[in-house]
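Each chain is listed here by its residues.
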Amino acid sequence: LEEKEEEVTELITTITITTSESELNRARICLVEGSILLKMGKYEEAEEKLKKAEVLFIELNGTDNVDEVGKAYQRLGSIGDILSNNDEAERYFQLAINIFNNLHGEDHELSITTKMWYGAYLFNKVDEKAGLDLMEECIKKIEHVNEFNGVEKGACYRTYGSGLLSVGHVEDATKYFTMDEKITFRLLHRTHPDVGFVFLCKGIANMVAGNVEMAAINMEAAVNVVIPALGEHHYDVSQLYNVLGQFYTNIQQPQIAIEFLKKSAEIHDAIVKKDCYASIANHSAVARAYEGMQMFDQSLVHIKKALAISTKLYGENHSRTAFLYGDLGRLCLHQHMYDQAVECYEKVLQCANDIDAAVRLETMDILAQIYIKKGNYAKGLAVLEESTQVKRELFGEDHPLFQQSNAMLTELKRQIIQSHEE
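Here the structure is a predicted model, which means the values were calculated and not measured.

Scoring rules and cut-offs
- Throughout this description, residue numbers start from 1 for each chain and increase along the sequence as written.
- This being a predicted model, a pLDDT of at least 70 is required before a residue's local features are given, and a value of 80 or more before pairs of side-chain atoms are given or counted; all residues contribute to the totals for chains, interfaces and linings.
- Excluded from the side-chain calculations are hydrogens and water; all other atoms, namely the structure's heavy atoms, are used.
- Numbered from the N terminus, helices here are DSSP runs of H or I no shorter than four residues, and strands are runs of E no shorter than two.
- Relative accessibility under 20% of the residue-type maximum defines a buried residue, over 50% an exposed one, and the middle range a partly exposed one, all with a 1.4 Å probe and only protein chains included.
- Residues count as neighbours in contact if any of their non-hydrogen atoms are within 4.5 Å of one another.
- Neither His nor the chain ends is counted toward charge; the positive residues are Lys and Arg and the negative residues Asp and Glu.
- Every charge is mapped onto a representative atom, which is NZ of Lys, CZ of Arg, CG of Asp or CD of Glu.
- Interaxial angle, 0 to 180 degrees, is taken between N-to-C directions of lines fitted to C-alpha atoms, where a helix line uses only the stretch in contact.
- Convention used here: angles under 35 degrees read as roughly parallel, angles over 145 as roughly antiparallel, angles from 65 to 115 as roughly perpendicular, and any remaining angle as oblique.
- Crossings are sorted by hand: turned counterclockwise from the far helix by less than a right angle, the near helix makes the crossing left-handed, and turned clockwise it makes it right-handed.
- Asp, Glu, Lys and Arg are counted as charged, while Ala, Val, Leu, Ile, Met, Phe, Trp, Tyr, Cys and Pro are counted as nonpolar; the rest, among them Gly, fall into the polar class.
- The length a helix should cover is 1.5 Å for every residue beyond the first.
- Buried Ala, Val, Leu, Ile, Met, Phe, Trp, Tyr and Cys residues that are joined via side-chain atoms within 4.5 Å together make up what is termed a nonpolar core.

Description of the overall build of the protein
Here's step 1: Counting secondary structure elements, the protein contains 20 helices and zero strands.
Here's step 2: Counting only C-alpha atoms and orienting by the principal axes, one finds that the protein spans roughly 100 × 45 × 35 Å.
Here's step 3: With 422 residues in all, the protein has 47% of them scored as buried.
Here's step 4: Partitioning the intrachain contacts of the protein with sequence separation of at least 6 by distance along the chain shows that 57% fall at a separation of at least 24.
Here's step 5: Separation of charge centres in the protein, based on 42 positive and 65 negative side chains, amounts to 1 Å.

If you want it as structure tokens, here you go:
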């Protein structure tokens with residue numbers, strides 16, 4: 001529980017020596033070693049041990065339809081997810097889910113937790129909505145499984161809460177983080193890294209909600225637990241540094257932010273060794289930090305890198321790519337590159353079915369203003385009329401957003417009439 005690497009390694013060695021005559025125990029030791037190496041962030045060594053365990057258990061049982069093989073597949077799926085080997089992650093998670101469903105049914109703890117990790121993988125790497133829906137399905141099942149009450153339950157709440165927070169559901173996310181905290185703090189030693197990740201999730205929720213003081217307190221607590229437990233060169237520490245970079249960007253301390261983001265990138269690149277979702281998040285965060293320092297050229301370099309990776313991994317019309325086009329459009333406006341800004345914001349609107357209505361409406365209003373600034377009143381009027389009509393349908397005529405948009409539309413029409421008269 002305390003992640004004491006040296007003691008664990010010594011114990012594993014001792015057990016291996018004393019039980020080497022038993023093929024079953026050799027297989028069990030491989031599974032345990034692989035699981036511990038995974039927690040320690042030694043992914044290639046973990047993968048080797050887990051694949052060896054898989055072979056040994058299949059040889060002993062004559063089938064892969066046993067819990068131990070399912071557990072090996074579950075952990076191999078996690079390694080594929082971390083290292084952005086998406087085909088491997090997909091294959092192993094599906095294999096594990098099938099084994100646990102066959103042996104225990106869909107409402108068993110092993111089935112639910114594996115689906116939860118698979119849902120998190122889908123959310124981050126493949127299909128945000130499908131991933132969140134699967135995680136929600138798992139949470140509903142957890143509530144009806146009485147024996148499901150250990151640290152895995154807390155981790156499931158934390159994972160689902162993180163997904164909710166990513167899509168802007170701060171209150172719901174905070175509720176699940178609180179449920180996780182009650183379980184994790186009760187069952188784990190205060191030096192365990194999972195305790196640190198409870199603090200980190202609470203800190204992110206505080207940051208999103210605008211509570212800077214509590215965000216700083218929780219993030220400091222996370223650093224004080226996670227780094228001593230895992231060391232500097234761990235995948236989870238790279239994620240921690242990325243969040244700290246975003247936090248310092250938000251409180252207008254971009255120079256500190258960039259230092260954390262550089263550390264995050266160095267650790268991540270040493271482990272994963274290729275562009276992936278985390279690379280997008282890092283370049284995007286660095287771009288925002290440089291933007292905060294009004295170093296727009298440097299910011300453009302990083303947002304273009306993030307955009308290139310996102311387009312390659314997710315496609316031109318994915319919602320995540322759309323958000324990056326929005327960021328690029330904003331940077332183009334800073335440098336009075338209006339034609340390029342228009343191209344970016346038009347690309348955001350091409351993803352209209354996948355982006356939030358508020359983002360779509362904000363983009364339309366920005367586009368209208370750019371068209372007007374360039375003297376293209378016809379296009380500006382058309383876009384603003386569409387935006388105003390959507391706001392009327394969504395919010396009604398008494399809503400401030402509609403009234404503000406309608407006032408802008410009325411003023412634009414007045415300017416056009418006056419221009420024609422002149």
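Thoughts on unusual backbone geometry
Here's step 1: Even without being a glycine, serine 84 presents a positive backbone phi close to 60°.
Here's step 2: Assignment of secondary structure puts serine 84 in the loop between helix 4 (67–82) and helix 5 (86–104).
Here's step 3: One non-glycine residue, glutamine 294, adopts positive backbone phi at about 60°.
Here's step 4: For glutamine 294, the location among the structural elements is in the loop between helix 14 (277–292) and helix 15 (296–314).
Here's step 5: For glutamine 294, a relative accessible area of 63% gives the class exposed.

A short note on the side chain of threonine 321
Here's step 1: Mapped onto the secondary structure, threonine 321 falls in helix 16 (residues 319–334).
Here's step 2: Excluding residues that lie within four positions of it along the chain, threonine 321 makes contacts with Leu307, Ser310, Thr311, Tyr314, Gly315 and Glu316.

Things to note about the packing of helix 11 (residues 212–230) against helix 12 (residues 235–250)
Here's step 1: With their axes 11 Å apart at the nearest point, helix 11 and helix 12 run at an angle of 160° to one another. Judged on the interaxial angle alone, helix 12 and helix 11 are roughly antiparallel. The hand of the helix 11/helix 12 crossing is left-handed. On helix 12, the residues that touch Val212, Ala215, Ala216, Met219, Ala222, Val223, Val226, Ile227 and Leu230 of helix 11 are Asp236, Val237, Leu240, Tyr241, Val243, Leu244 and Phe247.
Here's step 2: Tallied by class, the residues present in the contact of helix 11 with helix 12 amount to 15 nonpolar, no polar and one charged.

With respect to the environment of phenylalanine 323
Here's step 1: Within the element layout of this structure, phenylalanine 323 appears in helix 16.
Here's step 2: For the pair phenylalanine 323 and cysteine 344, spaced 21 residues apart in the sequence, the C-alpha separation amounts to 9.8 Å.

Focus: helix 4
Here's step 1: For helix 4, which comprises 16 residues, the first-to-last C-alpha distance of 23 Å matches the rise-based estimate of 22 Å (1.5 Å per residue) to within 8%.
Here's step 2: Across the 16 residues that make up helix 4, a large majority, twelve, are buried.
Here's step 3: For helix 4, the set of buried residues is Val69, Gly70, Ala72, Tyr73, Gln74, Leu76, Gly77, Ser78, Ile79, Gly80, Asp81 and Ile82.
Here's step 4: Buried residues along helix 4 sit in contact with helix 2 (23–39), helix 3 (43–61), helix 5, helix 6 (109–126), helix 12 and helix 13 (254–272).
Here's step 5: Trailing helix 4 by a residue or two, serine 84 shows a phi angle of about 60°, which is positive.

Focus: helix 11
Here's step 1: Its 19 residues place the ends of helix 11 26 Å apart at the C-alpha level, agreeing with the 27 Å of an ideal helix rising 1.5 Å per residue.
Here's step 2: Regarding helix 11, the residues found buried are Ala215, Asn218, Met219, Ala221, Ala222, Val225, Val226, Ile227, Ala229 and Leu230.
Here's step 3: Lining the buried residues of helix 11 we find helix 2, helix 10 (193–209) and helix 12.
Here's step 4: Phi for glycine 231, located one or two positions after helix 11, is positive at around 85°.

Observations concerning the environment of serine 166
Here's step 1: Within the element layout of this structure, serine 166 appears in helix 8 (residues 151–166).
Here's step 2: As a C-alpha pair, serine 166 and arginine 288 span 122 residues in sequence and 17 Å in three-dimensional space.

Observations concerning the packing of helix 10 against helix 11
Here's step 1: Interaxial distance between helix 10 and helix 11 falls to 7 Å at its minimum, and their mutual angle equals 155°. Classified by the angle their axes make, helix 10 and helix 11 are roughly antiparallel. You can see that helix 10 and helix 11 cross each other, and the crossing is left-handed. Contacts between helix 10 and helix 11 involve Pro193, Gly196, Phe197, Phe199, Leu200, Lys202, Gly203, Ile204, Asn206 and Met207 from the former and Met214, Ala215, Asn218, Met219, Ala221, Ala222, Val225, Val226, Ala229 and Leu230 from the latter.

Description of the nonpolar core
Here's step 1: Membership of the largest hydrophobic core comes to 54 residues, with the highest contact counts inside it found for Tyr43 and Ile79.
Here's step 2: At the level of secondary structure, the elements contributing two or more residues to this core comprise helix 2, helix 3, helix 4, helix 5, helix 10, helix 11, helix 12 and helix 13.
Here's step 3: Per-element tally for this core: the top contributor is helix 11, with eight residues.
Here's step 4: Apart from the residues lying within four places of it in its own chain, the contact partners of isoleucine 79 are Leu38, Tyr43, Ala46, Glu47 and Leu50.
Here's step 5: Formed by 32 residues, the second largest nonpolar core is a distinct cluster that contains Ile303, Leu307, Cys344 and Tyr345.

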